[in-house]
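# Structural features, examined
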Amino acid sequence: MSFNRKDFATGAIFAVFALIYGFMSLTTMQVGTPVRMGPGFFPAMLSGVLLLIALFLMARSFLRTAETPFGEIAWRAIIFLTIAIVVFAATAESLGMLPGTFVAGLISSAASRTMTPPKALAVAAGIGVFCTLVFTVGLHVPLPIFGSWFGG
Amino acid sequence: MDIFNNLGLGFSVVLQPINLMYCFIGALLGTVIGVLPGIGPLATIALLLPITFGLSPEGSLIMLAGIYYGSQYGGSTTAILLKLPGEAASAVTTIDGHEMAKKGRAGPALAAAGIGSFFAGTAATFLIALAAVPLTRLAFSFGPAEYFSLMLVGLISSIALASGSVAKAVGMIVLGLLLGLTGTDIYTGARRFTFGTRELLDGLDFVAIAVGLFGISEIMRNLEHSNTRTATIARIGRIIPSKDDLKRMVAPMVRGTVIGSFLGILPGGGALLSSFVAYNIEKNVSPNAKEFGHGAIEGVTAPEAANNAGAQTSFIPMLSLGIPSNVVMALMIGALIIQGVVPGPGVINNNPTLFWGIIASMWVGNAMLLMLNLPLIGLWVRLLQVPYNVLFPVIVAFCCIGTYSMTNSPFGIYQIALAGIIGYALTKLECEVPPFILGFVLGPMLEEHFRRAMLISHGDPTVFLTRPLSALLLATAAIVLIVVAFPAVSKKRNEVFVEED
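Below, the structure is looked at part by part. Worth saying up front: this structure is predicted, and the values here are computed from it rather than measured. (Residues numbered from 1 in each chain as written. Chains lettered and ligands numbered in written order. Predicted model: local features only at pLDDT ≥ 70, side-chain atom pairs only at ≥ 80, totals over all residues. Heavy atoms only, no water.)

Another point: the overall build of chain B. Looking only at helices and strands, chain B features 22 helices and two strands. Taking 2.2 N^0.38 as the reference for a compact globule, 501 residues should give roughly 23 Å; the C-alpha atoms of chain B span a radius of gyration of 22 Å, in line with that estimate. Considered along the principal axes of its C-alpha atoms, chain B spans approximately 65 × 55 × 50 Å. A total of 501 residues make up chain B; the buried ones form 61% of that total. If you take every contact in chain B between residues at least 6 apart in sequence, the share linking residues at least 24 apart comes to 78%. Taken as a whole, chain B presents about 17,900 Å² of accessible surface, with 67% of it coming from carbon and sulfur. Within chain B, the 27 negative side-chain charges are centred at a point lying 6 Å from the centre of the 27 positive side-chain charges. (Helix = DSSP H or I, 4+ residues; strand = E, 2+ residues; numbered from the N terminus. Rg over C-alpha atoms; globule rule 2.2 N^0.38 Å. Buried < 20%, exposed > 50% of the residue type's maximum accessible area, 1.4 Å probe, protein only. Contact = heavy atoms within 4.5 Å. Areas by Shrake-Rupley, 256 points an atom, 1.4 Å probe, with all protein chains shown as cover. Lys, Arg positive; Asp, Glu negative; His and termini not counted. Charge placed at Lys NZ, Arg CZ, Asp CG, Glu CD.)

Moving on, we come to unusual backbone geometry. All names here are of chain B. Of note in the backbone geometry, Glu430 takes a positive phi value of approximately 60° without being a glycine. Within the secondary structure, Glu430 sits in the loop between helix H18 (411–428) and helix H19 (433–456). Here Glu430 falls in the partly exposed class, since its relative accessible area comes to 35%. For His458, which is not glycine, the phi dihedral falls at a positive 55°. By the element assignment, His458 lies in the loop between H19 and helix H20 (463–466).

Evaluated as defined, the whole model comprises 17 salt bridges over all chains. Of the charged contacts in the structure, one is a salt bridge between A:Lys6 and B:Glu430, with a shortest N-O distance of 2.7 Å. A residue pair is termed interchain when its members come from two chains, as with A:Lys6 in helix H1 (residues 5–27) and B:Glu430 in the loop between H18 and H19. With a relative accessible area of 3%, A:Lys6 lands in the buried category. One network of salt bridges, with partners in common, ties together B:Asp185, B:Arg192, B:Glu447 and B:Arg451. (Salt bridge = Lys/Arg side-chain N within 4 Å of Asp/Glu carboxyl O.)

So, on to the environment of B:Phe214. Residues and elements named next belong to chain B. On the secondary structure map, Phe214 appears in helix H9 (residues 206–222). C-alpha separation for the pair Phe214 and Tyr424, spaced 210 residues apart in sequence, amounts to 8.9 Å. When residues no more than four places from it in sequence are discounted, the contact partners of Phe214 are Leu42, Val327, Val433, Pro434 and Ile437.

This paragraph deals with the packing of helix H6 (residues 106–140) of chain B against helix H10 (residues 243–265) of chain B. All names here are of chain B. In contact at an axis separation of 9 Å, H6 and H10 are set at 45° when each is read in the N-to-C sense. Here H10 runs oblique to H6, going by the angle between their axes. In terms of crossing hand, the pair formed by H6 and H10 is right-handed. Each of Pro108, Ala112, Ile115, Gly116, Phe119, Ala120, Ala123 and Leu127 in H6 lies in contact with H10, whose residues at this interface are Asp245, Met249, Met253, Val254, Thr257, Ser261 and Ile265. Tallied by class, the residues present in the contact of H6 with H10 amount to 11 nonpolar, three polar and one charged. (Axes fitted to C-alpha atoms, helices over the stretch in contact; angles between N-to-C directions. Parallel < 35°, antiparallel > 145°, perpendicular 65-115°, else oblique. Left-handed = near helix turned anticlockwise from the far one by under 90°. Nonpolar A, V, L, I, M, F, W, Y, C, P; charged D, E, K, R; others polar.)

Okay, the interface of chain B and chain A next. In this complex, chain B contributes 62 residues to the contact, which on the side of chain A involves 65 residues. Of the roughly 5,600 Å² buried between chain B and chain A, counting both surfaces, carbon and sulfur atoms make up 79%. The interface formed by chain B and chain A contains 14 residue pairs in polar contact (both at pLDDT 80 or more). In terms of residue count, helix H17 (residues 388–407) of chain B provides more of the side of chain B that touches chain A than any other element does, 12 residues in total. Each residue belonging to the side of chain B that touches chain A can be placed in one class, and the counts come to 40 nonpolar, 13 polar and nine charged. (Buried area = accessible area lost by both parts, 1.4 Å probe. Polar contact = N/O pair within 3.5 Å; in protein donor to acceptor, adjacent residues only side chain to side chain.)

Everything listed here is a matter of coordinates, which is why it stays silent on function.
So, in structure tokens, the structure goes:
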């Protein structure tokens, strides 16, 4: 069976959100009346609208089957950029600005297929020094140059 | 005349050395980042937003406004020299701008863009100063029903600018509205959608979400292709336009300014729409119509003037009504709120120095741009040669630090990562992010006014239709929705956006 995968997937994502948020609004919050609306009223209404749109998109995906190609998916970029950001979030306070941005720079460099290790090291070192100078020294962002792991 | 007193007050704010410096830094940073291909005004502001948090409200908004028109300006430089629009609004500039560059007339093309922008900026500044007070007065007659309807117009209009399916765009708006409600309910104090976490009590972090959705997902998209950009930059040559060039620039400059100023005020309008419309009109009225597409200076001047005028006048609804007409203004509203200023008609009375300071700073900033750009163009061109492999890790680091500096906790940074993945997935599914962000910002406001209106009308939903101004606004929203959903129009709309590629 052929269907428009992009429309269908979008509809499915919208439906998941609509169901979860609608369910939460109706069960965990007071809905209230139109005059005295509770915290759940407006979100429940929105969830209803979103569900309608989701159903429309999923229904249409079977009628309008033509779609533009997905193209390449940048798995490598998704993985390494996400790791870089999460690692920075988890360790920034313990590592500090200089090592933290160095590590984040190094991991995110791996997102590009054309980056070589020596180049990545150089870029990461540059980022570390640059960010330390601009943000810690210049703009006083409250992140020490070296964090608690270095006794900072 | 009041307007001169008001502008005088504004200039006394912006001419303070510290604010002049913020204005200069904003224009400079905007130009620098705007010149880098693939980073438009939206991403630039999202990235640099956190830097401004430590400043005074005036300094912060003056700098952000500078970043906005600076990055817009930087975008036209790449459009002319590289045939790479730094942002969507300068897409039409590539057509004739790059043709001129190929003929060795890059200099006059850059000058035409600069002079056109400056003229438009000056005119739009006066227009804002003139229109702001009466509009603010009108805003005071707005009740909750009118506000609700006006925001609906803004949201619906954002669909007109999204290039994909109307149903998806509406869905993205609703999703944005829904996620925007995360946090503590202002009326009852109840927790909503916090999933039991303490961190989400204040809601999802607007800056982190914007940075992730625009910045990180954009990087992922750029890394899809392994080929690294090899830029062939046109030679610039003589900058100063000839007498004939200047003569040919005058009328398009004026027409572009008028078109841009008007479209900028409309909710959902702004720089992008302005430049497209101005180019098409110019193509039809110009005596040199035959030259269009082959390097007509009119084809650079008119859209550049229009997009600058549109960018400026889009501040009008934001400043006088507190309603963002486009996503950049949504970010500005976010900045105002973070600065402790409640956006809306009260700003002009409660914070006159802020209000008039921003307006005066626009003129000053535009003058700075002209001085920054034309003589230093060679310097900016060199920026175009920074390889993307160096650029993107720097942007990632900036995103993380910027968000951290705002929240002082790692929690916001995790949101960037998540928003990045979601943003990338959504663009892959041809869902556009700007309507989502607009919904996200407007969600709490929309709900507040909806609840208030219903409370006042004792639960009667017809209040939105029986109040004339509100009914008029709703009718506008309905017309826009019908127009964009109508197949013939949406086909036309697609053509416009295909041309842009």
